Amino acid sequence: MAASSCLLRVEEIGGKGRGVVAAQPLKAGQTLLTESPLIVYSASPLFSSPPFKHCHHCFTIIPSHTINPPSCPSCSHHLFCSQTCLNSSSHSPWACKALTSLTNSTPLQQQPQERQVQARFVVAAHDLLLHTPSHINMLLSLQGTPDAAIIDAANFLHSLISPLFPPHSQLSADLVAQLMAKDRLNSFCLMHPYSPHGPQRSIKAYTVYAKASLFNHSCLPNACRFDYVDTSEEHNTDIVVRLVEDVPEGKEVCISYIRVGRDYCTRKRILMEDYGFTCECDRCKIEASWGSQGEKENNDLPHVRFLRKHVCEKENCAGTMAPLPPPSHVLECNFCGNFKTHCDTP
Ligand SMILES: C[S@@+](CC[C@H](N)C(=O)[O-])C[C@H]1O[C@@H](n2cnc3c(N)ncnc32)[C@H](O)[C@@H]1O
């Protein structure tokens, strides 16, 4: 962990592969990691328009009243929130041409929406090989092995997409499958802003980070990722991971891959379907034997106290509340930005 080497180190963790542990005693509220993505791609299926117009570099929403936002010189339908974003964008003419060509592809249009989003990943991966080949090697160092479904999807997408790039930046079908498998296990979602009355936040884009991908999951996480705002244009796709609790040296630092308020059965299903493992954390061990909601309300187990303190109660939210950087008694929700003053009485 280069940027945060004094705070964290990577170790093998029994039954989980690699993981991240505290290299010194760490304080609740401390920022552990701020990192830019190796790869970013839109979550919108190619054949449907996204619910909001967003910048194709930083993915902030472009307000509907914006007159003539800067657009890609090659295609004009990929928009940017500012000239700075347009100039720093990795939206290359090759990627632009490939995406435009794919929107005319009948075989792709007949595929499920998931395949259309995977097509965006495969275009972005070809573009990486063209412009930042070292990121391809970093992606390949992450966990994930292709299964039969990924190999099928990769063969299909490879035959459509590789010919749209120059010969020296064409990935083999095998490499496409490897990369798709890494993306499946390691990608984070960039979400649309929270709204108390609106629908659940939807996903704007997917990102993969070299270091943040090494955090394992816990249903009682001691760290969480903050992703509730469209803030600074250039760094809007960066990940920020902050500690929820104090962590002694040598203890593993985990985030939750799903919202902590989810019930046991939902967590179990998502973790198996999306990440291929069964969580053995203390909370799961206890909740596996729970029959009804009543038990949850009436007991005073440490993990129930944790949830009471750290799950945001704002309508339609249920994000994780972590302290502001120390020293602070104020908790901030990583999902909606709500604040509350920390009080240790249960
Ligand atoms: C994003 S990676 C985390 C880093 C990974 N352990 C590695 O070695 O690169 C996600 C994968 O780590 C493993 N993993 C994460 N949390 C786990 C947990 N609580 N129990 C078992 N395996 C876990 C699973 O294989 C999961 O698909």
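Here the structure is a predicted model, which is why all the values come from computation and not from measurement.

Enquirer: Mind showing me how you'd approach the nonpolar core here?
Expert: Among soluble globular proteins, nonpolar side chains are generally buried collectively. The biggest cluster of nonpolar side chains holds 75 residues, and the ones touching the most others in it are Ile39, Met180, Ala223 and Val253. The leading source of residues in this core is helix α4 (residues 113–131), at seven residues. Here this core gathers at least three residues from each of two domains, domain 1 (8–36 + 209–341) and domain 2 (39–188). Beyond its immediate chain neighbours, meaning those up to four positions away, methionine 180 contacts Gln118, Phe121, Pro146, Ile150, Ala153 and Ala154. Residues Tyr257, Val260, Leu271 and Cys279 belong to the second largest nonpolar core, which totals five residues.

Enquirer: What should I look at first to understand the site of the ligand in this one?
Expert: Around the ligand sit 18 residues, and of these Gly17, Arg18, Gln143, Asn216 and His217 come closest. Of all the secondary structure elements, the ones that give two or more residues to the shell around the ligand are β2 (17–22), α7 (173–186) and β7 (216–217). Considered class by class, the residues forming the shell around the ligand number six nonpolar, ten polar and two charged. Residue assignment places the shell around the ligand across two domains, with domain 1 (8–36 + 209–341) and domain 2 (39–188) each supplying three or more.

Enquirer: Help me understand the sheet that holds strand β9 (residues 239–243) in this model?
Expert: The strands that make up a sheet are held in pairs by hydrogen bonds between backbone atoms, and each pair lies either parallel or antiparallel. Here three strands make up an open sheet; going across it, the order is β3-β9-β8 and the pairing antiparallel. Strands with a single pairing partner mark the edges of an open sheet, and in this sheet they are β3 (31–35) and β8 (223–226). Ignoring which end each strand starts from, the neighbouring axes of this sheet average 20° apart. In terms of strand pairing, β8 meets β9 through four bridges, oriented antiparallel. Looking at the pairing, alanine 223 lines up with leucine 243 of β9.

Enquirer: Would you mind going over the domain arrangement of the chain with me for this structure?
Expert: Often the size quoted for an interface is simply the accessible area lost on bringing the parts together. Entries for the chain in the domain assignment read domain 1 (8–36 + 209–341) and domain 2 (39–188). Distance between the C-alpha centres of domain 1 and domain 2: 29 Å. Across the boundary between the two partners, domain 1 contributes twelve residues, which contact 16 residues of domain 2.

Enquirer: What exactly am I supposed to notice about helix α6 (residues 148–161) here?
Expert: Since the α-helix advances by 3.6 residues per turn, residues separated by three or four positions end up pointing in the same direction. Along its 14 residues, α6 runs 20 Å from first to last C-alpha, staying within 8% of the 20 Å computed at 1.5 Å per residue. Regarding α6, the residues found buried are Ile150, Ala153, Ala154, Leu157, His158 and Ile161. Looking straight down α6, one finds its buried side chains confined to an arc of 130°; they lie on one side. α6 presents Ala148 and Ser159 as exposed residues on the side facing more than 90 degrees away from its buried surface. Residues of α6 that are buried in the fold lie against α2 (93–102), α4 and α7.

Scoring rules and cut-offs
Per-chain numbering applies: the sequence of each chain, read as written, is numbered from 1 onward. Only residues with pLDDT of at least 70 are given local features in this predicted model, and only at 80 or more are side-chain atom pairs given and counted; all residues enter the totals for whole chains, interfaces and linings. The term nonpolar core refers to a group of buried residues, namely Ala, Val, Leu, Ile, Met, Phe, Trp, Tyr and Cys, whose C-beta atoms join them within 7 Å. Between the buried cut of 20 or more and the exposed cut of 12 or fewer other C-beta atoms within 10 Å of a residue's own C-beta lies the partly exposed class, and all C-beta atoms are placed from the backbone. To qualify as a helix, a DSSP run of H or I must reach at least 4 residues; to qualify as a strand, a run of E must reach at least 2; elements of each kind are numbered from the N terminus. Source of the domain bounds: an automatic or database domain assignment. Our contact criterion uses C-beta atoms placed from the backbone: two residues qualify when those atoms are within 7 Å. Near residues are defined by distance alone, with the backbone-placed C-beta atom required to lie within 6 Å of the molecule or strand. Under the grouping applied here, Gly and all other residues not named as nonpolar or charged are polar, the nonpolar ones being Ala, Val, Leu, Ile, Met, Phe, Trp, Tyr, Cys and Pro and the charged ones Asp, Glu, Lys and Arg. Pairs of strands are assigned from DSSP output, requiring at least two bridges between the strands. All axes are obtained by fitting lines to C-alpha atoms, using only the stretch in contact for helices, and the reported angles, taken between N-to-C directions, cover 0 to 180 degrees. Take the number of residues in a helix, subtract one, and multiply by 1.5 Å to get its expected span. Throughout, the arc means that of the directions going from the helix axis to the C-beta atoms.

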